[in-house]
Amino acid sequence: MRNPALDAWGDYDRDDPYPLFTAVQADGPVHEVTLADGHRAWLIVRHEEARAALTHAGLSKDMHAALARDGAVVAEGLPGPAFARHMLSVDPPDHTRLRRLTSAAFSRPRIAALRPRIQAITGRLLDDLEARGDTVVDLVKGFAFPLPFTVISELLGVPEADRDQLGSWFITLLAPSSAPEPPAEAVAASANIVRYLTELLARKRAAPGEDLVTDLVRAADQGGALSEQEMLSTIFQLVVAGHDTTTSLIGNGTVALLLHPEQRDALVDDPALMPRAIEEILRWDAPVPHSTFRYTTQDVALGGTVIPAFSQVIISLAAANRDPDRYENPCTFDTARADTSHLAFGHGIHFCLGAPLARMEAEIAIGALLRRFPAMELACDRKEIPWRPSALLRGPAELPVRLRPSPRAG
């Protein structure tokens, strides 16, 4: 029998969707589905086929081309197609050009140089939490969100005085909604973000800084390397990708470790284990459980199924990361797992540009959190954690914890 979840894919249990992923995976690697928003798509759930799809020449990410051919293939979303000219929504050669213009800011030496600043931001946020004493706090609001949002804001050159307001607009814009039309508050937030980013570009032209937005403006004005639309799209995408997924990574990792206290304690005792633990967190509970938009430009054969041309394709990175044909005991959370490979950051030319930054932020954040609050515990039952109602992003919307402060441990 066909699993009924395939007829409303994305509208499933948020607390633990993995038993469903396992059941669908057992039925085959590729499935035709109806998404929760009503669009038709093809879903890929096994590791081998997922990895192949992420680099398949017959799969395109050109959202403008897809919308021009068939507006029903994908929802445009806010702020609209004008902001879909970034590296995640185009193919080569545009993708190659746009990625090259931003890659220097995310090089390993540049990211490594950020470590002291990320540690300082982390310490300040933990000081604020510790000052609240033995009370229940929302770790997302007080820590997992402001840390990566502050870091990406500094990278882009967003003035400190603007960050709270900009952050609140993004929170409103990215809040999932089941309504057929975007809520009025999301439309207003989108308009405010578009206005703000446009003004930020103008400010950086008038007063350049040592930041990524200035670099983009300089590339556009001196060499015509990218258009105003591409600059705005790129900045928007970097803000979203630079904080939203890392917020979920920190939240998912904290939940996983609180549910596995023996592994948490091992990390407290030996911080050198943290890099391997972050990879297991990414594999076990990927912050991006489904890949971003792709569609077939021709008939594509994967896993014994032919996906027709001009179809939307959804790759379940989360399901692939728990494929029993790829991993031993895939549903077991094991921070000492020898095989640290996974698809949480994608694969191929669209592999996440910010992966080194996300990894470092998570290592610093979770490591410092455990050192400062080694007795921290969930302040609610695991099933009461409110998870974000999104198929594209997985993470706790709120994470109530009791910190149990202890003497400072470095």
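Below you will find a few notes about this structure. (Residues numbered from 1 in each chain as written. Predicted model: local features only at pLDDT ≥ 70, side-chain atom pairs only at ≥ 80, totals over all residues. Heavy atoms only, no water.)

### Some thoughts on the sheet that holds strand 9 (residues 377–378)
Part 1: One open sheet accounts for three strands, arranged 4-10-9; its pairing is antiparallel. A strand with exactly one partner marks an edge of an open sheet, and here the two such strands are strand 4 (136–138) and strand 9.
Part 2: Sheet analysis places strand 9 next to strand 10 (residues 400–402), joined by two bridges and oriented antiparallel. Across the sheet, residue E377 finds its bridge partner in strand 10, namely R402. (Pairing = 2+ DSSP bridges. Helix = DSSP H or I, 4+ residues; strand = E, 2+ residues; numbered from the N terminus.)

### Quick notes on the environment of L370
Part 1: Following the sequence through the fold, L370 ends up in helix 16 (residues 355–372).
Part 2: With 90 residues separating them along the chain, L370 and E280 place their C-alpha atoms 17 Å apart.

### Topic: the side chain of R322
Part 1: Mapped onto the elements, R322 comes out in the loop between helix 15 (317–320) and helix 16.
Part 2: Polar contacts involving the side chain of R322 include one to the main-chain carbonyl oxygen of W284, which spans 2.7 Å.
Part 3: Residues contacting R322, with those up to four places away along its chain left out, are Y18, Q25, R283, W284, Y327, P330 and C331. (Polar contact = N/O pair within 3.5 Å; in protein donor to acceptor, adjacent residues only side chain to side chain. Contact = heavy atoms within 4.5 Å.)

### Quick look at the packing of helix 12 (residues 228–259) against helix 13 (residues 261–269)
Each packed pair of helices is defined by two parameters, the angle between the axes and the distance between the axes.
Part 1: Put simply, helix 12 and helix 13 touch, their axes get as near as 5 Å, and they point 110° apart. Our classification of the angle between helix 12 and helix 13 gives roughly perpendicular. In this structure, helix 12 uses L257, L258 and L259 to contact helix 13, whose residues at the interface are P261, Q263, R264 and L267.
Part 2: Residue classes in the contact of helix 12 with helix 13 are distributed as five nonpolar, one polar and one charged. (Axes fitted to C-alpha atoms, helices over the stretch in contact; angles between N-to-C directions. Parallel < 35°, antiparallel > 145°, perpendicular 65-115°, else oblique. Nonpolar A, V, L, I, M, F, W, Y, C, P; charged D, E, K, R; others polar.)

### Details of the packing of helix 6 (residues 115–130) against helix 8 (residues 146–156)
Part 1: Closest axis-to-axis distance for the helix 6/helix 8 pair is 10 Å, and the angle between their directions is 145°. The interaxial crossing formed by helix 6 with helix 8 has right-handed handedness. Between helix 6 and helix 8, the residues in contact are R117, I118, I121, T122 and L125 and P146, L147, T150, V151 and E154, respectively.
Part 2: Grouping the amino acids of the contact of helix 6 with helix 8 by side-chain chemistry returns six nonpolar, two polar and two charged. (Left-handed = near helix turned anticlockwise from the far one by under 90°.)

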